[in-house]
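Residues per chain are reported as follows:
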Amino acid sequence: MNSIQADKFRQMVVVGANKLEENKKMVDEMNVFPVPDGDTGTNMSLTVTSAVKEVLGSGSDSVSDLAKAVSSGALRGARGNSGVILSQLFRGFYKGIKGSNDINAVAFATGMQKGVETAYKAVMKPKEGTILTVAKGAAQAAVEEALKTDDMVEVMQAVVRAGEETLAQTPEMLPVLKDAGVVDSGGQGLVLIYEGFLDALKREDNDLDALLALQKDDKAQAVKQEDEYCVELVIETSDAGKAQQELEGFLPTAGEKSIVIAEGKKVSLHVHTKDPGIVLTKAREFGSLTLVKVENMRLSHNHVLNLQQKQKAEAPAKPVGFVTISAGEGLAQIFQQLGVDYVISGGQTMNPSTDDIINAVDQVNAKDIFVLPNNKNIILAAQQAEKLVKDKQLHVIPTRNIPQGISAMISYMPGESVDDNIAGMTEGIDNVVSGSVTYAIRDTSMNGFTIQANDILALKNEDIVKVGKDLKETTCQLLDSMIGEGTSIVTIYYGKDATQDQAEELKAYVAQKYPQVEVEVNEGGQPIYYFLLSAE
């Protein structure tokens, strides 16, 4: 095959997307950090699936037009840093082959090279040993092979081979990968897409069987979203270890985003499922259910959406608006009390897409809008939205966690200029020490710590600083590391898996040991993290 025409290009995109979708859980599990946020594969899959939908909507016979559709879909559907970088690779590829009805080996290699250049420019501080490095190695191989042959299969084989070889070297470039015993997850996702491209090129036909399969999966997913329930419950049991082990094996078959935590004689679980009945029935095998919460996610989402649309219709125009991202009803209320107009539900385990942020901005009737991502994995998507929105001016304040977001909002000064507030809110980020307490989902080694599954992890400014078995003890040690001579106030936000009494115990600890420090306790309601902490 000496050139790629529209039908074959369309097939390549679809098969590449399917290849990643089939292996996304494997990619998710490669995330280095041992907290329950493994979402690189999911983010990349959702990004490329958004690109596929745009391709399906284009009936063009021009590869250039289809590449533009891929770029547009990926840009708006990008989730997480890996998804944004992937979208930039597609964007650059389109730039490189723009105007071509079909593409030969040289044009394809040029597109890949342009994609790498575009992706590197999109990241403020590119880091080698990541998806960027894998993309660079693959593109270089495409260029070298395209100078030797015009056979597209041979060029793509060289791309896959170089991608795999570069991926295997990523642990040598990033010690954190070597310590965890994994390769870069984003790079792995990209190699899977390239493998899909090669599979499509090897096919003798241009039919869209794979595409039809993807459409069916999308429809099934849509049905699932219409009737999906969030189930949370606590089991009183005489054998928490056995209950946890069996539920960890059962819940992935019943739904998604499952979490099981054993503590004493109690087992807490969380899962998104189409059939809450089977979850409740299984849970009752291990003991009495002392807390049960079943929420129809579709109805809850629609209720919030309707309220927000009503607020938009009724809200008068104003010069400045605010959009932020957080998970947990308590945190959402705190942000709203601070003046935030629209809170996107999401965070560590549910990164919103660029399009989600654009849609949220559309709900705010203001010319200048501040966007607070509150997560390092959402900043790039927010910055991408900043470039895509034309009728309003977005200002992304690079908040990396919830305490920084709250500090930035407190630092906003009504009546001051936008530029002065950007400076003041950014300075507010630097004035807060952030802490979080969660649990490990697997055994690993990191930052000099030997970590076992279910250990309590204490993070200071996103770095693991304490590992323990006892929640209160580990959290107190984290607080000790956060409080310094200049600390005047500590705020504790307790999550849905912690209680106010536990938070009050921490407050009492700080008050007794640091009498000069004021302590506040707020219900955050956040998942995954028992406590979010700030010291200022």
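**Some words on the overall build of the protein**
And step 1. Within the protein, the secondary structure is distributed over 20 helices and 18 strands.
And step 2. For 536 residues, the compact-globule estimate of 2.2 N^0.38 gives 24 Å, and the C-alpha radius of gyration of the protein, at 24 Å, lies within 12% of that figure.
And step 3. Once the C-alpha set of the protein is aligned to its principal axes, its extents read approximately 75 × 60 × 45 Å.
And step 4. Put simply, the protein has 536 residues, and 52% of those count as buried.

**Topic: the nonpolar core**
And step 1. Counting residues in hydrophobic clusters, the biggest one holds 64 residues, and the most contacted among them are Phe-9, Phe-108, Met-112 and Tyr-194.
And step 2. Elements with a contribution of two residues or more to this core: helix 1 (6-28), helix 2 (40-56), helix 3 (63-77), helix 4 (80-97), helix 5 (105-122), helix 6 (131-146), helix 7 (152-173) and helix 9 (185-202).
And step 3. In this structure Phe-9 touches Ile-4, Val-63, Leu-66, Ala-67, Val-70 and Phe-93, once residues within four positions along its chain are discounted.

**Let's talk about the sheet that holds strand 18 (residues 531-535)**
And step 1. The 6 strands are arranged 15-14-11-18-16-17 in an open sheet whose pairing can be described as mixed. In this open sheet, the two strands that pair with only one neighbour each are strand 15 (463-468) and strand 17 (518-523). Direction aside, the axes of adjacent strands within the sheet are offset by 20° on average.
And step 2. Across 5 bridges, the pairing between strand 16 (residues 489-494) and strand 18 is antiparallel. Pairing of Ile-492 across the sheet is with Leu-533, part of strand 18.

**Some remarks on the packing of helix 2 against helix 4**
Packed helices, taken two at a time, are described by the angle between their axes plus the distance between the axes.
And step 1. Direction vectors running N to C along helix 2 and helix 4 enclose 35°, while the axes themselves pass 8 Å from each other. For the element pair helix 2 and helix 4, the recorded crossing hand is right-handed. Residue-level inspection shows Thr-40, Asn-43, Met-44, Thr-47 and Val-48 of helix 2 in contact with helix 4, the latter providing Gly-80, Ser-82, Gly-83, Leu-86, Ser-87 and Phe-90.
And step 2. Taken together, the residues of the contact of helix 2 with helix 4 break down into 4 nonpolar, 7 polar and no charged.

**A look at the sheet that holds strand 8 (residues 342-345)**
And step 1. Across the sheet, which stays open at both edges, the 4 strands sit in the order 8-7-9-10 with parallel pairing between neighbours. At either end of the open sheet lies a strand with only one pairing partner, and these are strand 8 and strand 10 (393-396). Looking at each pair of strands side by side, their axes are set apart by 20° on average, direction ignored.
And step 2. Strand direction decides the pairing type here: strand 9 (residues 366-372) and strand 10, joined by 4 bridges, are parallel. Its bridge partner being in strand 10, Asp-368 is matched across the sheet by Gln-393.
And step 3. Across the sheet, helix 14 (residues 329-337) lies against strand 7 (318-326) and strand 8, angled at about 165° from strand 7, the strand it touches most.

**Some remarks on the pairing of strand 17**
And step 1. Here strand 16 pairs with strand 17 via 6 bridges, running parallel. Bridge assignment links Tyr-494 to a residue of strand 17, and that residue is Glu-523.

Reading the values: rules and limits
- Residues numbered from 1 in each chain as written.
- Predicted model: local features only at pLDDT ≥ 70, side-chain atom pairs only at ≥ 80, totals over all residues.
- Heavy atoms only, no water.
- Helix = DSSP H or I, 4+ residues; strand = E, 2+ residues; numbered from the N terminus.
- Rg over C-alpha atoms; globule rule 2.2 N^0.38 Å.
- Buried < 20%, exposed > 50% of the residue type's maximum accessible area, 1.4 Å probe, protein only.
- Core = buried A, V, L, I, M, F, W, Y, C linked by side-chain atoms within 4.5 Å.
- Contact = heavy atoms within 4.5 Å.
- Pairing = 2+ DSSP bridges.
- Axes fitted to C-alpha atoms, helices over the stretch in contact; angles between N-to-C directions.
- Left-handed = near helix turned anticlockwise from the far one by under 90°.
- Nonpolar A, V, L, I, M, F, W, Y, C, P; charged D, E, K, R; others polar.

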